[in-house]
Every structure is written in C-alpha cells, then in structure tokens.
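Per-entry structural report
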Amino acid sequence: FCYDDQELYPPLRRLAVPIYDHNNNLIGSLAIGGNSLTIKDNKVLDIGKILVDHGKMLMEKILKKF
C-alpha cells in the first residue's frame, strides 16, 4: 500500500492500494483518508493491511467478471 503521511497536504493522511483489471492494467485505487486523530501512527500498518486485503477481494470480483 501507499501511505502519504501528511506530505502533500499537512492536515491529511492518506492510504491507498492500486486496483488492476484482468490485463493487469491499473484501473483505479481503493483509498482512505483522515488526519492524525482518525489515523493514528500506531494503526497505519493495521489499516494498510486491511486496505490491501479489501483491494485483493475487489480485484478477485473484477476478475470473475471476465
């Protein structure tokens, strides 16, 4: 996953995972955003792992359509 630790816009933290189609083309991302109160330092890895898991589930559903 990708983590923007308030680098682009200081109040916001963002986490994202890429989503690919059946041809391995990037078609979007699954993302979540918040601030240091809603995404605490000690929870970034946990949230990132959850996001990766859900990204995998989404890609599996996309792949079943083809």
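Residues numbered from 1 in each chain as written. Predicted model: local features only at pLDDT ≥ 70, side-chain atom pairs only at ≥ 80, totals over all residues. Heavy atoms only, no water.

Observations concerning the overall build of the protein chain
Rules: In this text, helices come from DSSP runs of H or I with a minimum length of four residues, and strands from runs of E with a minimum of two, each type numbered from the N-terminal end. Three exposure classes are used, based on accessible area relative to the maximum for each residue type with a 1.4 Å probe and protein chains only: buried under 20%, partly exposed in between, and exposed over 50%. Whether two residues touch is decided by their heavy atoms; if any such pair falls within 4.5 Å, the residues are in contact. Only the protein chains shown count as cover for residues, and the accessible areas themselves come from Shrake-Rupley with a 1.4 Å probe. Counting rule for charge: Lys and Arg are taken as positive, Asp and Glu as negative, and neither His nor the chain ends is counted. For charged residues, the charge sits on one atom: NZ in Lys, CZ in Arg, CG in Asp, CD in Glu.
Summing up its helical and strand segments, the protein chain has 1 helix and 3 strands in all. Listing each helix as α and each strand as β along the protein chain from the N terminus yields β-β-β-α. Each of the three principal axes of the protein chain carries a C-alpha extent, and together these read 40 × 20 × 10 Å. For the protein chain, the residues scored as buried account for 21% of the 66 residues in total. Taking contacts inside the protein chain between residues at least 6 apart in sequence as the whole, the part at least 24 apart equals 39%. When the accessible surface of the protein chain is summed, it comes to about 4,900 Å², and 59% of that surface belongs to carbon and sulfur atoms. For the protein chain, the distance from the average position of its 9 positive side-chain charges to the average position of its 8 negative side-chain charges is 7 Å.

So, the side chain of arginine 13
Rules: Whenever a nitrogen or oxygen atom comes within 3.5 Å of another N or O atom, the pair is scored as a polar contact, on the condition that within protein one atom can donate a hydrogen and the other can accept it, and that pairs from neighbouring residues in sequence are kept only if both atoms are in side chains.
Note that arginine 13 resides in strand β2 (residues 13-20). A polar contact of 3.4 Å, which involves the side chain of arginine 13, links it to the side chain of tyrosine 3. Residues in contact with arginine 13, not counting those within four places in the same chain, are Tyr3, Asp4, Asp5, Gln6, Ile32, Gly33, Gly34, Asn35, Ser36, Ile39, Lys40 and Asp41.

Structural notes on the side chain of aspartate 21
Formally: Salt bridge criterion: a side-chain nitrogen from Lys or Arg within 4 Å of a carboxyl oxygen from Asp or Glu.
In this structure, aspartate 21 sits in the loop between β2 and β3 (26-34). Within the buried core, aspartate 21 has no salt-bridge partner, and the shortest N-O distance to an opposite charge, that of lysine 65, equals 15 Å. Polar contacts involving the side chain of aspartate 21 include one to the main-chain amide nitrogen of asparagine 25, which spans 2.8 Å. Beyond its immediate sequence surroundings of up to four residues, aspartate 21 is in contact with Ile27, Ile62 and Leu63.

Structural notes on the environment of histidine 54
Here histidine 54 shows up in helix α1 (residues 44-64). The class for histidine 54 is partly exposed, based on a relative accessible area of 40%. Between the C-alpha atoms of histidine 54 and leucine 30, which are 24 residues apart in sequence, the distance is 8.2 Å.

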